[in-house]
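# Chains, contacts and geometry: an overview
Next come the chains, spelled out residue by residue.
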Amino acid sequence: KGDLTDADVNVLACFEMKPTKKRTPCGCPIYSIKRLETFCKCYNVNTGIIAVAGEEAQAVCDGLIACGVQVIRNMTAAALSVPQGVQLQSEDPIAV
C-alpha cells in the first residue's frame, strides 16, 4: 500500500495551518500548528513526519526541531537542513 498504516509508526496527531476537519479518515486528530510545541512536550514526541508543500518543508522542519524532535521523516522533494544530532530520513513520494 505504501501508507503509514503499513509502517511501524504510531501517528499521534496531524497539524495544519488552518485545520478544516477534526480527524483524518483513519481517526487521527488534526490540530492547529499553534499547538505543536505544547503537544510535543506533553507527549514527549521524538519523531516528526513532514508531508507539506516543498517550499514549506524547511520551516516545518525547523519548528519540529525547536520542539525537541530528534528524528525527522521528510516525505517531500525538498532537501532539508538539520543540525548535528538530529536524524533526517528523506523519501520523495513522487520518486517512489
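Residues numbered from 1 in each chain as written. Predicted model: local features only at pLDDT ≥ 70, side-chain atom pairs only at ≥ 80, totals over all residues. Heavy atoms only, no water.

## Description of the side chain of Thr 76
- Structurally, Thr 76 can be placed in the loop between strand E4 (71-74) and strand E5 (87-90).
- A distance of 3.1 Å separates a polar atom in the side chain of Thr 76 from the backbone nitrogen of Ala 78.
- Excluding residues that lie within four positions of it along the chain, Thr 76 makes contacts with Ile 50, Ala 51, Val 52, Ala 57, Glu 91, Asp 92 and Pro 93. (Helix = DSSP H or I, 4+ residues; strand = E, 2+ residues; numbered from the N terminus. Polar contact = N/O pair within 3.5 Å; in protein donor to acceptor, adjacent residues only side chain to side chain. Contact = heavy atoms within 4.5 Å.)

## A few points about the packing of aromatic side chains
- Scanning the entire structure with this criterion turns up 4 aromatic pairs.
- Ring plane angle 45° and centroid distance 5.8 Å describe the contact between Phe 15 and Tyr 31, whose orientation is recorded as tilted. You can see Phe 15 sitting in strand E1 (residues 14-16) and its partner Tyr 31 sitting in strand E2 (residues 30-32), a full 16 residues away along the chain.
- We classify Phe 15 as partly exposed; its relative accessible area is 22%.
- Each ring, one from Phe 15 and one from Phe 39, has its centre 5.4 Å from the other, and the planes form 70°; the classification is edge-to-face. Taken together, the positions of Phe 15 in strand E1 and Phe 39 in helix H1 (residues 36-42) put the pair 24 residues apart, joining distant regions of the chain. (Phe/Tyr/Trp six-rings, centres within 6.5 Å; stacked < 30°, edge-to-face > 60°. Buried < 20%, exposed > 50% of the residue type's maximum accessible area, 1.4 Å probe, protein only.)

## Regarding the environment of Ala 78
- You can see Ala 78 is positioned in the loop between E4 and E5.
- C-alpha of Ala 78 to C-alpha of Gly 54: the two residues are 24 residues apart in sequence and 5.1 Å apart in space.
- With near-sequence residues (within four places) excluded, Ala 78 lies in contact with Gly 54 and Ala 57.

## Describing the sheet that holds E5
- Read from one edge of the open sheet, 3 strands run E3-E4-E5, paired in parallel fashion. Looking at which strands have only one partner, the edges of the open sheet turn out to be strand E3 (47-50) and E5. Geometrically, the sheet is characterised by an average inter-axis angle of 15° between neighbouring strands, direction not taken into account.
- Judged from the 4 bridges that link them, E4 and E5 form a sheet pairing that is parallel. Across the sheet, Asn 74 pairs through a bridge with Ser 90, a residue of E5.
- With respect to the sheet, helix H2 (residues 54-66) is in contact with E3 and E4, its orientation differing from that of E3 by roughly 170°. (Pairing = 2+ DSSP bridges. Axes fitted to C-alpha atoms, helices over the stretch in contact; angles between N-to-C directions.)

Keep in mind that these numbers describe shape and distance, not what the molecule does.
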